Amino acid sequence: MKTLLSKIFCLCCAMSITMCFTGCMNDNNEYPSRITNFVVVETDASGILSRVTLDNGESYNIASQSIDFGKPDTLFRCVASYAMVNSGMKVHNISNIYSNPPIPLDTFLEGGYTEESLPRDPVKVVSVFKSGGYINMQLGVMTTGNSAHAYAFCEEADGQYSLLHQRPVNDLETYTMTVFLSMPIPEGVETVTFSIPTYEGTYIRTF
């Protein structure tokens, strides 16, 4: 079961790429307003971030900012903080987030789990919404911050999905860490019911 866990669960800290950049004033000595959004980013043959696409379809070439993601010709689901300036988009901060496709429940059961033993450690729900072909979520996760938490999306039935979350052993609930996750909606699925384990019970939304 541990081998299966390592293959299909994502360890949040291990998979995260976070980059921060300084801001620039405009001609009026003012900082442009920053916007934070879920985005898809694309790298070029050298691993440099070349394009950012918003969930509304707008796309911006930012190759001139020379942001190195270290993996060529790849698409990443990210949360980005940026400003719109005369030259287009100026990225201030960008973080790669977990966005693997949902895994069928049968895959977990064949790996030795039961439906009752699937890891569903509770989280705090800040927001859950649909955009750009994804179910996006901002969560509050209680932690000490010393070890990575594991996440996966489970396809329980047609159109029914849930968040799986496993706390590290001996991880104390010291403070709340903000976590962004984004589940790609499988092709052909029109209605999505998504559930999240919380301290108050199961949070359920249908889109």
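The shown structure was predicted, so the numbers you read here are calculated from the model rather than taken from an experiment.

Peer 1: Which parts of the structure should I look at to understand the packing of aromatic side chains?
Peer 2: Describing an aromatic ring pair means giving the distance of the ring centres and the angle of the ring planes. Applying the stated criterion to the full structure yields 6 aromatic pairs. Ring plane angle 75° and centroid distance 6.2 Å describe the contact between phenylalanine 108 and tyrosine 113, whose orientation is recorded as edge-to-face. Through successive ring pairs, a cluster of aromatic residues spans Phe38, Phe129 and Phe180. Sitting over the ring of tyrosine 134, arginine 77 keeps its end group 3.7 Å from the ring centre.

Peer 1: When you look at the environment of lysine 130 in this model, what are you seeing that I'm missing?
Peer 2: Its place among the elements puts lysine 130 in strand β9 (residues 124-131). Put simply, lysine 130 and aspartate 55 are 75 residues apart on the chain and 9.7 Å apart in space, counted from C-alpha to C-alpha. Once residues lying within four places of it in the same chain are set aside, the contact partners of lysine 130 are Ile135, Asn136, Ile185, Glu190 and Phe207.

Peer 1: What should I look at first to understand unusual backbone geometry in this one?
Peer 2: With the exception of glycine, most residues fall at negative phi, and the peptide bonds are largely trans. Positive phi is not limited to glycine here, since serine 66 has a value of about 55°. Mapped onto the elements of the fold, serine 66 is located in the loop between β5 (59-61) and β6 (75-85). You can call serine 66 exposed: its relative accessible area is 52%. A positive phi angle is found at aspartate 73, which is not glycine, with a value near 50°. Checked against the element boundaries, aspartate 73 lands in the loop between β5 and β6.

Peer 1: Sorry if this is basic, but what is going on with the sheet that holds strand β10 (residues 134-143) here?
Peer 2: Paired through backbone hydrogen bonds, the strands of a sheet run either parallel or antiparallel to each other. As summarised here, the arrangement of the 3 strands in space is β9-β10-β13, forming an open sheet in which the pairing is antiparallel. In this open sheet, the two strands that pair with only one neighbour each are β9 and β13 (175-184). Looking at each pair of strands side by side, their axes are set apart by 15° on average, direction ignored. The sheet contact formed by β9 and β10 spans 7 bridges and is antiparallel. Directly across from phenylalanine 129, in β10, lies its bridge partner asparagine 136.

Peer 1: What am I meant to see in the nonpolar core here?
Peer 2: Soluble globular proteins tend to bury their nonpolar side chains together. One finds Ile135, Met137, Leu163, Leu181 and Phe194 to be the most contacted residues of the largest nonpolar core, which totals 28 residues. When contributions to this core are tallied by element, the ones reaching two or more residues are α3 (105-110), β10, β11 (150-157), β12 (160-166), β13 and β14 (193-198). If we ignore the near neighbours within four places in the chain, the residues touching leucine 181 are Phe38, Ile97, Tyr98, Ile135, Asn136, Met137, Leu139, Tyr151, Phe153 and Leu163.

Peer 1: When you look at the pairing of β10 in this model, what are you seeing that I'm missing?
Peer 2: The side chains of a regular strand alternate, first on one face of the sheet and then on the other. When you tally the buried positions in β10, you get 9 out of 10 residues, the bulk of the element. Linkage of β9 to β10, two consecutive antiparallel strands, is achieved through a turn of 2 residues, within which glycine 132 is found at a positive phi near 60°.

Rules behind the numbers
- Residues numbered from 1 in each chain as written.
- Predicted model: local features only at pLDDT ≥ 70, side-chain atom pairs only at ≥ 80, totals over all residues.
- Heavy atoms only, no water.
- Phe/Tyr/Trp six-rings, centres within 6.5 Å; stacked < 30°, edge-to-face > 60°.
- Lys NZ or Arg CZ within 6 Å of the ring centre and 35° of its normal.
- Helix = DSSP H or I, 4+ residues; strand = E, 2+ residues; numbered from the N terminus.
- Contact = heavy atoms within 4.5 Å.
- Buried < 20%, exposed > 50% of the residue type's maximum accessible area, 1.4 Å probe, protein only.
- Pairing = 2+ DSSP bridges.
- Axes fitted to C-alpha atoms, helices over the stretch in contact; angles between N-to-C directions.
- Core = buried A, V, L, I, M, F, W, Y, C linked by side-chain atoms within 4.5 Å.

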